[in-house]
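# Structural overview for review
Single-letter residue listing:
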Protein chains: 2
Amino acid sequence: MKPVLQHQGSFRWEGVPVQPYKSEGSHFRDVTRQTLFGPGAGLGCELRYFELAPDGHSSLERHEHPHAVVVVRGAGRVLVGHEVFELRVFDLVRVPPRTWHQFRAASDASLGFLCLVDGERDRPVRPTPEELEALRQRPEVAVFIRA
Amino acid sequence: MKPVLQHQGSFRWEGVPVQPYKSEGSHFRDVTRQTLFGPGAGLGCELRYFELAPDGHSSLERHEHPHAVVVVRGAGRVLVGHEVFELRVFDLVRVPPRTWHQFRAASDASLGFLCLVDGERDRPVRPTPEELEALRQRPEVAVFIRA
């Protein structure tokens, strides 16, 4: 990798492919992934850029590894645990271990964010029907989540 | 820490103190540091926001640990190894291990960037007079660096 990778506009970088968010599934919508700093950067972490098109959403999931997120484009909302938060550019999001989370772009704007994770990490799990039922106990969560 | 820390404008975040870049020294100028995700975020890495006022510069240094940087504000230049690169918003910078580097803001703009490092890392070292002499062999480096 060259020492400096220029931003080419619209959150694209030379030599950084725009990839699918996940390889398969119907539990997410209109999400792309770009690995800005992967294992080759020699760090214990990786930094990825995710972008959700208007109304797009990531999957509702949890895992042992934490996330640290910096919003850099657009607007949206995020579920962390049992609360839904508004997101604007340069807001910071911390998703602790074993905590349900789902990102959703606004209906009229994309949502782009940098997501920091450890290089070694466990696989996400999605809620069981019982866990989904429990999440839906809170009306604001029930209307927000897409499962 | 709350799950979401709102950006308060001008690259300030609630509860995130603006700190000195380093505790002492005259080898840097007009640099502030804010730790966005520190050890408490539970990751193997830390994410800091540095801001250099117009004409400000970080110290000329190197170390074993790599840096991964995302520019988020303003404009400037960076020395990586023996080359000087222009920087604009959302450019990516990778500083490999043991590589001389120095950031400098433009004369008419601040330079703000996110800098990712491993939580466990070695201390930076500054060039010896002989190393400085070697760096100055390249005219474009000689006029750029501040030691």
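In this text, all values refer to a predicted model and were calculated from it rather than measured experimentally.

Scanning chain A for helices and strands turns up two helices and 10 strands. In chain A, the succession of α and β elements from N to C terminus is β-β-β-β-β-β-β-β-β-β-α-α. Here chain A holds 147 residues, and 53% of them are scored as buried. Here the analysis covers contacts within chain A between residues at least 6 apart in sequence; of these, 63% occur between residues at least 24 apart. Roughly 6,700 Å² of accessible area belongs to chain A as shown, and the carbon and sulfur atoms make up 47% of that amount. Across chain A, the centroid of the 19 positively charged side chains sits 2 Å from that of the 19 negatively charged ones.

Another aspect to go through is the interface of chain A and chain B. Between chain A and chain B, the residue contacts involve 38 residues of the former and 38 residues of the latter. Both faces combined, the contact of chain A with chain B buries some 3,400 Å², and carbon together with sulfur accounts for 72% of it. For chain A, the biggest contributors to the area lost against chain B are Phe90, Leu92 and Arg94 of chain A; these three give 24% of the whole. Scanning the region where chain A abuts chain B turns up zero salt bridges. Put simply, chain A and chain B have 12 residue pairs in polar contact (both at pLDDT 80 or more) between them. Counting residues per element, the ones that place at least two in the side of chain A that touches chain B are strand E1 (4-5), strand E3 (29-37), strand E4 (45-57), strand E5 (67-74), strand E6 (76-80), strand E7 (83-87), strand E8 (92-95) and strand E10 (111-118) of chain A.

The next subject is the relation of the copies chain A and chain B. Mapping chain A onto chain B is achieved by rotating through 180° and translating by 0.0 Å along the same axis, at an RMSD of 0.0 Å. Here the symmetry operator amounts to a two-fold rotation axis. Interface overlap between copies is the fraction of interface residues in one copy that are interface residues in the other; for chain A against chain B it reaches 100%, indicating a shared surface.

Below, the discussion takes up the side chain of Thr99 of chain A. Residue and element names in this part refer to chain A. Examined against the element boundaries, Thr99 turns out to sit in the loop between E8 and strand E9 (101-105). Note on Thr99: relative accessible area 14%, which makes it buried. Excluding anything up to four places from it in sequence, Thr99 contacts Glu61, Arg62, His63, Val80 and Gly81.

Our next topic: the layout of surface pockets. The space that makes up the largest pocket amounts to roughly 540 Å³. If you trace the largest pocket, you find 24 residues lining it, with Tyr21, Lys22, Arg33, Glu61 and Pro124 of chain A closest to the centre. Counting only elements with at least two residues in the lining of the largest pocket, the list comes to E4, E9 and E10 of chain A. The biggest single contributor to the lining of the largest pocket is E10 of chain A, with three residues. Residues of the lining of the largest pocket, tallied by class, amount to eight nonpolar, eight polar and eight charged. Taken as a whole, the second largest pocket holds about 320 Å³ of empty space. In terms of lining, the second largest pocket is formed by 20 residues, of which the most central are Arg33, Arg48, Phe50, Glu61 and His67 of chain B. Elements with a minimum of two residues in the lining of the second largest pocket: strand E3 (29-37), strand E4 (45-57), strand E9 (101-105) and strand E10 (111-118) of chain B. When residues in the lining of the second largest pocket are grouped by element, the largest group, three residues, is from E4 of chain B. A breakdown of the residues in the lining of the second largest pocket according to their chemical character gives six nonpolar, seven polar and seven charged.

The rules behind these values
- Residues numbered from 1 in each chain as written.
- Chains lettered and ligands numbered in written order.
- Predicted model: local features only at pLDDT ≥ 70, side-chain atom pairs only at ≥ 80, totals over all residues.
- Heavy atoms only, no water.
- Helix = DSSP H or I, 4+ residues; strand = E, 2+ residues; numbered from the N terminus.
- Buried < 20%, exposed > 50% of the residue type's maximum accessible area, 1.4 Å probe, protein only.
- Contact = heavy atoms within 4.5 Å.
- Areas by Shrake-Rupley, 256 points an atom, 1.4 Å probe, with all protein chains shown as cover.
- Lys, Arg positive; Asp, Glu negative; His and termini not counted.
- Charge placed at Lys NZ, Arg CZ, Asp CG, Glu CD.
- Buried area = accessible area lost by both parts, 1.4 Å probe.
- Salt bridge = Lys/Arg side-chain N within 4 Å of Asp/Glu carboxyl O.
- Polar contact = N/O pair within 3.5 Å; in protein donor to acceptor, adjacent residues only side chain to side chain.
- Least-squares fit on C-alpha atoms with pLDDT ≥ 70 in both.
- 1 Å grid on protein atoms, 1.4 Å probe; cavity = no way out; pocket = protein on both sides within 12 Å on 5 of 7 lines; lining within 4 Å.
- Points joined across faces, edges and corners; volume = space filled by probe spheres on them.
- Nonpolar A, V, L, I, M, F, W, Y, C, P; charged D, E, K, R; others polar.

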